[in-house]
Amino acid sequence: MVNNEGKDNKLEKMRHSAAHVMAEAVQSVFPEARFGIGPAIENGFYYDFELPRSLTPDDLPVIEAKMAEIIAADKPFINEEVSKEEASKLFAAQPYKLELIDEIPDEKVGLYRQGSFVDLCRGPHVSSTGEIKTFKLVSIAGAYWRGSENNPMLQRIYGLLFLSDKEMDDYLELQEELKKRDHRKIGKDLDLFVFSDLVGKGLPLFTEKGSIIRRELEQFVVDEETKRGYKHVYTPDLANIALYKTSGHYPYYKDSMYPVMKVEEEELMLRPMTCPHHFELYSSKPRSYRELPFRIAELAKQFRYEKSGELTGLMRVRSFCLADSHIICQPDQAIDEINSVLDLIEYVASVLGLKAGDNYHYRLSLGDRKDEVKYYHDDAAWDFAEEVLRTVLVQRKASYFEAEKEAAFYGPKIDIQMRNFAGKEDTAFTVQYDFVMPKRFGLTYIDKDQTEKEPIVIHRSSIGAIERTMAFLIEHYAGALPVWLAPVQVMVIPVADRHLEYARKLGVELTGEGVRAKVDDRSERMNLKIRQAQLEKVPFMLVVGDKEEAEGTVSVRLRSGEQLSSQPFERFKDTVQITIASKSKD
RNA sequence: GCCAGCGUAGCUCAGUGGUAGAGCAGCGGUUUCGUAAACCGCCGGUCAAGAGUUCGAGUCUCUUCGCUGGCUCCA
C-alpha cells in the first residue's frame, strides 16, 4: 500500500509537472495566452487556456514537440513563496490567475518556476523537467472556467502520462479493447436498438431482440418487487402542470421538463418523475398506520429534457423507463425500509452478475446547505436524513464515499454508481430520503393513537432506468448476456439440408417449452451458421447431423467456443430450462 | 446548450478539385457440406441537408441537422 502510494505520488507529481511544461509550450506558441488551471488527473493531466484562436488537432504535435524540448533541457522546478501583492504584479496580465490569488486565504502564495516560465502553484513537482516520462497529448475540449456555464469557455488540452512507453502502450491497447464493449457499438452489431433522426435524438427504438432483453429485466424486477411487498401500479405519462407545482418539483426541475402542452383549458406536461402520481394514489383515501410501509411501484416512463450534448446511447436519453417506487412510511421505519431497499438492490445486482466494489460502489450523495436554489432549505431535516442514510451504510458495513452537492432537492440519497466502458461514472440505482414531499402533498396516516401524522417518503429505483441498466449490462458482458437475457438462447444448426426436419423438430420442442430457440434453415454452410451464431453471442448452438438424428442427440457448442460432448436432446432441454429458470450467470 | 472533431451503400471503410468504389449484408442461382466466412451473378448512393466558390465539388467556404469526445447537467 505504502509503496503504491509512493509510486502514485511520484506519478501525480510528474503529471502535474507535465501540465506546467505544456503551459510553457503553449505560451511559446501563443505568447498572449491566458492561463486557467492545470492539474494532474487519472492517467494524465490537462491545462485550460484562453487563446486568440481555436486549437485544432494539428496544434497538438507542435505543442508536444515544444514540450519535448523543454523536457530535454532538463530545467529545474524552483519553488518560491511570495506575497499576494507581488504575485498579483507578476500575473497582472493573467486575469484567471489573479482571481485565484484573490481567493487564497494565506498571506503568501506559492510559485513554481521552470526556466523563464512561472506558474501560480502550491506544488509539489518533480525536481526538474527532465524527470517527466512518456506523455502524449490526446484531445482538445472546451471547458468552462471554474466549471460554471456562466463563465467563459476555455480551451482544455488533455494529455496522458505514464512511467514508461510500455505502460502507455498497455493503456492505449486496453482502451482499444474497451471500445469494443461500447454498448452503442454492440447494440448496433447485435441489433438491439436504433435511433432515428425523425423520431428524435435521445429517443431509442428497441428492436425485437432489444425488447426481449428489456422485457426479461422488467418481468424479473416486477416479480421480485411484488414478492417483497411492493404494490405495482400504472399511472399516466402526462400530468397537469399543477401537479408539479404542488409537489414543488416545478421550480427546481423546470429546466429538465419539456414545455407545457395546452389542451383545452389544461396545461399538461410529460412527466419527468413519478412521485406526485404515486402520492395522489396514496392520498386517494385515508390511510392507516397499518398500511405502512406503503410501497408503491411502477415501471414508469419519464421524460427529461437533457441538453443535446449530454445524450449518450442508452446511458443518457430523453425518454426512459425507471423501475421506480415510493415508500411511504413512519419515520422510525425508515432505517429498516432503506435496509430492505439496499437488500433488494444488492439482490438485483447479484442476479445481474454485478459485484459490489468491482462493478458498482456506494455514494452517499449530500446536499449543500448554502445552495437554496438547488436544495430545499431545512437544515435540521437535512442533518437528520443524512444521518439516517449514513447509519444504514455503516450498519451494513458497506464501503462508500460521500459526495457533496449530489443530493436531490428534497433530500440526500444513496446512489449506486457504475462505470461505463470508458471509465465514466453514472448512477445505476438510487435510494433517496425525502422530507419535503409529504408536507407538500399533505400526505398523512392515522396513527394508533387516532391522530393524523405525517409520514416520510423514500424514493428508490431497484433495477434503475431500464435503458441505462441495459447499457451497463451490454458493456459488462460485452454483449454475451446471461442465458435468461439472451434474445436467442439456442440456435439449431443442421449440418446439411437433410437434417432440417430433425432440426425443426428440436426447435419446435424448445420453443414449446418457452426456450427462445431458432433454427438456422438457410441454404448456407454449417460453418457460416456457426460463425454467425457465435458473433451473435447465442449461448447454445446445437449442431445436428446424421449421427445426432439417428441417436436423438445434439452436439452442443457454447459461445465460448467450447464444445460439449454429444448428449441426448432431452438432457440438453432440461439443462437449458434450469439454466434459464435459475437466471444463471453462465 | 457550449468548445472541438467527424458524417461516402444496411454495416465496416477506400476515394485530397476532373465519370462514386471494395468487402460484408440483401436478392437470384450453383453447392448439401461435421464446429468461426463455399462459389457465380445481380441489386444497392441527391457522398447528412441546403446554399456558395469554381469550367467542374464527395473533396474548398458558410448555414442547418446528426454523431463522437470534453464542459455543464444527470436515472
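Residues numbered from 1 in each chain as written. Chains lettered and ligands numbered in written order. Predicted model: local features only at pLDDT ≥ 70, side-chain atom pairs only at ≥ 80, totals over all residues. Heavy atoms only, no water.

Here's the deal with the overall build of chain A
Alright, step 1. Secondary structure summary: chain A contains 18 helices and 28 strands in total.
Alright, step 2. Projecting the C-alpha coordinates of chain A onto the three principal axes gives extents of approximately 90 × 75 × 55 Å.
Alright, step 3. Out of the 586 residues belonging to chain A, those deemed buried represent 50%.
Alright, step 4. Looking at chain A as shown, the accessible area adds up to about 28,500 Å², and 50% of this sits on carbon and sulfur atoms. (Helix = DSSP H or I, 4+ residues; strand = E, 2+ residues; numbered from the N terminus. Buried < 20%, exposed > 50% of the residue type's maximum accessible area, 1.4 Å probe, protein only. Areas by Shrake-Rupley, 256 points an atom, 1.4 Å probe, with all protein chains shown as cover.)

Examining the pairing of strand β17 (residues 360-365)
Put simply, side chains in a regular strand alternate between the two faces of the sheet.
Alright, step 1. Where burial is concerned, most of β17 is hidden: 5 out of the 6 residues are buried.
Alright, step 2. In terms of strand pairing, β17 meets strand β18 (residues 400-403) through 4 bridges, oriented parallel. By the bridge assignment for β18, Y362 is matched with Y400.
Alright, step 3. Where the polypeptide runs from β17 across helix α12 (residues 379-395) and back to β18, its parallel neighbour, the crossover connection is right-handed. (Pairing = 2+ DSSP bridges. Right-handed = clockwise from strand over helix to strand, strands pointing away.)

Quick look at the domain arrangement of chain A
Alright, step 1. Taken domain by domain, chain A consists of domain 1 (2-176), domain 2 (211-239 + 271-476) and domain 3 (490-581).
Alright, step 2. With centres defined by C-alpha atoms, the gap from domain 2 to domain 3 works out at 42 Å. (Domains from an automatic or database assignment.)

Some points on the packing of helix α7 (residues 208-227) against helix α11 (residues 334-351)
Alright, step 1. Relative to each other, α7 and α11 sit at 145°, their axes nearing to 12 Å. Where α7 crosses over α11, the two elements pack in a sense that is right-handed. Contacts from F220, E224 and E225 in α7 reach L344, Y347, V348 and V351 in α11.
Alright, step 2. Its residues assigned to classes, the contact of α7 with α11 shows 5 nonpolar, no polar and 2 charged. (Axes fitted to C-alpha atoms, helices over the stretch in contact; angles between N-to-C directions. Left-handed = near helix turned anticlockwise from the far one by under 90°. Contact = heavy atoms within 4.5 Å. Nonpolar A, V, L, I, M, F, W, Y, C, P; charged D, E, K, R; others polar.)

Let's talk about the protein's contact with RNA strand B
Alright, step 1. Around RNA strand B lies a shell of 56 residues, among which R316, T427, S523, R525 and S555 are the nearest.
Alright, step 2. Each atom of RNA strand B within 4 Å of the protein was classed as base or backbone; sugar and phosphate made up 52%.
Alright, step 3. Between RNA strand B and the protein, one listed contact pairs a base nitrogen with a side-chain N or O atom of E306 at 3.2 Å.
Alright, step 4. Side-chain polar atom of E548 to a base nitrogen of RNA strand B: 2.5 Å apart, as the coordinates give it. (Near = heavy atom within 4 Å. Polar contact = N/O pair within 3.5 Å; in protein donor to acceptor, adjacent residues only side chain to side chain.)

Description of α12
Count 3.6 residues to each turn of an α-helix, and residues three or four apart come out pointing the same way.
Alright, step 1. An ideal rise of 1.5 Å per residue puts 24 Å on 17 residues; α12 measures up with 24 Å between its terminal C-alpha atoms.
Alright, step 2. Listed as buried for α12 are A381, W382, A385, E386, V388, L389, V392 and L393. Down the axis, α12 shows its buried residues gathered within 155° of arc, on one side only. Facing away from the buried surface of α12 by more than 90 degrees, the exposed residues are A380 and V394.
Alright, step 3. Immediately beyond the C-terminal end of α12, within one or two residues, lies K397, with a positive phi of roughly 55°. (Expected span 1.5 Å × (residues − 1). Arc of directions from axis to C-beta.)

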